[in-house]
Amino acid sequence: QVALRETGPALVKPTQTLTLTCSFSGFSLNTAGMSVAWIRQPPGKALEWLARIDWNGDKYYKTSLKTRLTLSKDSSKNQVVLTMTNMDPEDSGTYFCAREWDLLDAADHWGQGSLVSVSS
Amino acid sequence: DIQMTQAPSSLSASVGDRVTITCRASQSIGRKINWFQQRPGKAPKLLIYSASHLQSGVPTRFSGSGSGTDFTLIVTGLQAEDSATYYCQHNYAAPPWTFGQGTKVEIK
């Protein structure tokens with residue numbers, strides 16, 4: 001079955017770079033139509049879509065964060081890595097990765113989330 | 001980017017009630033909208049995709065409708081386990097695919 005898990009630091013300092021890894025199983029990013037997306041949620045606030053990488057290497061980013069976000073994938077390891085530069089306390093929250101596939105055009109499987117705090 | 005506006009931001013209803021949540025897009029998105037349920041401390045769960053298609057395993061008391069800019073999620077016969085926050089998300093054209101601000105449903 002499909003499973004995703006986010007890993008990364010629980011605490012980063014302001015101005016540092018955050019690196020999060022999404023490790024997944026049960027599907028392949030070599031399969032046409034598959035994608036992995038990142039969504040975050042500040043404490044007590046709404047979901048915020050951040051970025052997506054497709055099976056063919058296409059990448060999409062939230063417009064206002066485009067200059068700070070970078071996605072990469074290692075299909076052989078079934079991993080997707082999200083980096084976010086110049087972290088700020090307002091970037092604190094839970095970061096989720098999710099599988100999307102074009103049959104649904106929706107995130108049908110999610111990881112449990114990785115809580116990140118930005119503080120000096 | 002397309003903006004998604006949900007209403008209400010919160011509601012309180014009794015078990016057995018019919019609950020309606022609306023979502024309005026800032027431009028026409030056809031039927032390209034998904035609905036998610038998020039219980040406290042949990043990851044979101046896909047309920048409905050493409051406006052009205054029920055995701056596998058989701059109870060049939062959940063339904064979705066709408067097209068263009070106005071969409072509705074209906075829960076017919078609210079259950080205690082439906083206490084959660086519900087989000088719409090458009091998936092029109094290429095990303096970014098924005099979420100609404102959420103509707104918190106509480107059980108009286």
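What you see as residue numbers is a count from 1 along each chain, following the sequence as written. As they are written, the chains are lettered A onward and the ligands numbered 1 onward, keeping that order. Only residues with pLDDT of 70 or above have their local features reported here, since the model is predicted, and side-chain atom pairs are shown and tallied only from 80 upward, although totals for entire chains, interfaces and linings are computed over all residues. Side-chain descriptors were evaluated using all non-hydrogen atoms of the structure, hydrogens and water having been removed beforehand.

S.K.: Give me the overall build of chain A: which residues, what numbers.
M.R.: Counting secondary structure elements, chain A contains zero helices and 11 strands. Here a strand is any run of E in DSSP of at least two residues, a helix any run of H or I of at least four, and the numbering for each starts at the N terminus. Each helix and strand of chain A, placed in order from N terminus to C terminus, yields the pattern β-β-β-β-β-β-β-β-β-β-β. Summarising its shape, the C-alpha atoms of chain A cover approximately 40 × 25 × 25 Å along the three principal directions. Residue pairs at least 24 apart in sequence account for 52% of intrachain contacts in chain A once pairs closer than 6 positions are excluded. By definition, residues are in contact when any of their heavy atoms lie within 4.5 Å.

S.K.: Could you give an account of the pairing of strand 7 (residues 62-67) of chain B, with specific residues and numbers?
M.R.: All names here are of chain B. Should DSSP find at least two bridges between two strands, the strands are taken to pair. In this sheet, strand 8 (residues 70-76) lies alongside strand 7 in antiparallel orientation, the contact comprising six bridges. Bridged to Phe62 within strand 8 is Val75. Counting the residues in the hairpin turn of strand 7 and strand 8 gives two residues, including Gly68, whose phi is positive at 80°.

S.K.: Describe in detail the nonpolar core, supporting the description with residues and values.
M.R.: Ranked by internal contacts, the top residues of the largest apolar core, which has 27 residues, are Val36, Trp38, Leu50, Val80 and Tyr95 of chain A. Per-element accounting of this core gives the leading share, four residues, to strand 3 (residues 18-25) of chain A. In this structure, Ile21, Ala25, Leu47 and Leu78 of chain B belong to the second largest nonpolar core, which totals 24 residues. Buried Ala, Val, Leu, Ile, Met, Phe, Trp, Tyr and Cys residues form a nonpolar core when they are joined through side-chain atoms within 4.5 Å. To sort residues, take the accessible area from a 1.4 Å probe on protein chains only and compare it with the maximum for the residue type: under 20% means buried, over 50% means exposed, and anything in between is partly exposed.

S.K.: Go over the sheet that holds strand 7 (residues 69-74) of chain A with me, naming the residues and quoting the values.
M.R.: All names here are of chain A. The strand order across the open sheet built from four strands is 1-3-8-7, with neighbouring strands paired in antiparallel fashion. Whereas interior strands pair on both sides, the edge strands pair on one side only; in this sheet they are strand 1 (3-7) and strand 7. Direction aside, the axes of adjacent strands within the sheet are offset by 20° on average. In the sheet, strand 1 pairs with strand 3 via five bridges, with the strands oriented antiparallel. Directly across from Leu4, in strand 3, lies its bridge partner Phe24. Angles shown run from 0 to 180 degrees and are taken between the N-to-C directions of axes, each axis being a line fitted to C-alpha atoms and, for helices, limited to the stretch in contact.

S.K.: Give me the lowdown on the pattern of salt bridges, citing residues and values where you can.
M.R.: Salt bridge criterion: a side-chain nitrogen from Lys or Arg within 4 Å of a carboxyl oxygen from Asp or Glu. Per the counting criterion, the structure on display carries 12 salt bridges over all chains. A salt bridge links Glu48 of chain A to Lys62 of chain A; its shortest N-O distance comes to 3.5 Å. In this pair, Glu48 of chain A sits in strand 5 (residues 48-54) while Lys62 of chain A sits in the loop between strand 6 (59-61) and strand 7, placing the two residues 14 residues apart along the sequence. A salt bridge links Lys104 of chain B to Glu106 of chain B; the nearest nitrogen and oxygen atoms lie 3.8 Å apart. One salt-bridge network, held together by shared partners, links Arg40, Glu48, Lys62, Arg68 and Asp91 of chain A.

S.K.: Explain the environment of Tyr60 of chain A to me, using residue names and the numbers behind them.
M.R.: Inspection of the secondary structure puts Tyr60 of chain A in strand 6. With 11 residues separating them in the primary sequence, Tyr60 of chain A and Leu71 of chain A have C-alpha atoms 8.7 Å apart. Not counting the four nearest positions on each side in its chain, Tyr60 of chain A is found in contact with Trp49, Leu50, Ala51, Arg52, Asp54 and Leu71 of chain A together with Ala94 and Pro95 of chain B.

S.K.: Can you tell me about the state of the cysteines, naming the residues and giving the values?
M.R.: A covalent bond between the sulfur atoms of two cysteines is what we call a disulfide. The term disulfide is used for any two cysteine sulfur atoms that are within 2.5 Å. For the structure shown, the criterion picks out two disulfides over all chains. What pairs with Cys22 of chain A in a disulfide is Cys97 of chain A, and their sulfur atoms sit 2.2 Å apart. As the torsion about the S-S bond is roughly 70°, the Cys22 of chain A-Cys97 of chain A disulfide counts as right-handed. A residue pair is termed long-range when its members are at least 10 positions apart, and Cys22 of chain A in strand 3 and Cys97 of chain A in strand 9 (residues 93-101) qualify at 75 residues. Of the two residues examined, Cys22 of chain A and Cys97 of chain A, each falls in the buried class. In this model Cys23 of chain B forms its disulfide with Cys88 of chain B; the gap between the sulfur atoms is 2.0 Å. Between Cys23 of chain B and Cys88 of chain B the sulfur-sulfur dihedral comes to about 55°; the bridge is accordingly right-handed. Of the two residues, Cys23 of chain B sits in strand 3 (residues 18-25) while Cys88 of chain B sits in strand 9 (residues 84-90), which places them 65 residues apart along the sequence. Looking at Cys23 of chain B, the relative accessible area reads 1%, which means it is buried.

The values reported here are purely geometric and, on their own, carry no functional implication.
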